[in-house]
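Fold and geometry: a report
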Amino acid sequence: MKPLVIFGAGDIAELAHYYFTHDSDHEVKGFVVDGSHKTVDSFCGLPVVAFEEVAAAFPPDSHMMFVALAYAQINDLRAAKVAAAEAQGYRLASYLSSRATVLNGGHVGPNAFVLEDNT
């Protein structure tokens, strides 16, 4: 698997970092936020970069991205950031817990986040 950068630097990003680090083949390399929202240089011990600079810091040909934003605004914000990541050339990673019951052979779409004890 490719190294992973997580879009976000809040509670959901921290949760995604934990699960991708402890229960996936991905290696989280850093976090990205919109430049206007960048208030810190590191999060969970990893660098935080502005989205406007993400391709230089974490090139899309060698990194995947996961958009870890809240489900507010009926997912409109998350959908917009997914589209922006794809427009930059990023493939979107998904997390599928090793402790989830998956009835379709493990097929999930891009940027899915399926935690343990889910069917």
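Residues numbered from 1 in each chain as written. Predicted model: local features only at pLDDT ≥ 70, side-chain atom pairs only at ≥ 80, totals over all residues. Heavy atoms only, no water.

Some thoughts on the environment of Tyr-18
- With respect to the helices, strands and loops of the structure, Tyr-18 is situated in helix H1 (residues 11–22).
- The class of Tyr-18 is partly exposed, set by a relative accessible area of 44%.
- A C-alpha to C-alpha distance of 9.3 Å links Tyr-18 and Cys-44, two positions 26 residues apart in sequence. (Helix = DSSP H or I, 4+ residues; strand = E, 2+ residues; numbered from the N terminus. Buried < 20%, exposed > 50% of the residue type's maximum accessible area, 1.4 Å probe, protein only.)

Re the pairing of strand S1 (residues 4–7)
- Covered by surrounding structure in S1 are Leu-4 and Ile-6 together with Val-5 and Phe-7, the residues of both alternating faces.
- In this sheet, strand S2 (residues 28–33) lies alongside S1 in parallel orientation, the contact comprising four bridges. Bridging from a neighbouring strand, Phe-7 pairs with Val-32 of S2.
- Note that the unit made of S1, H1 and S2 has a crossover that is right-handed.
- Inspection of the sheet shows S1 paired to strand S5 (residues 64–67) by four bridges, in the parallel sense. Note that in S5 the partner of Phe-7 across the bridge is Val-67. (Pairing = 2+ DSSP bridges. Right-handed = clockwise from strand over helix to strand, strands pointing away.)

Observations regarding H1
- With twelve residues, H1 should reach 16 Å at 1.5 Å per residue; the first-to-last C-alpha distance of 17 Å fits that figure.
- When H1 is considered as a whole, its buried residues turn out to be Ala-13, Ala-16, His-17, Tyr-19 and Phe-20. (Expected span 1.5 Å × (residues − 1).)

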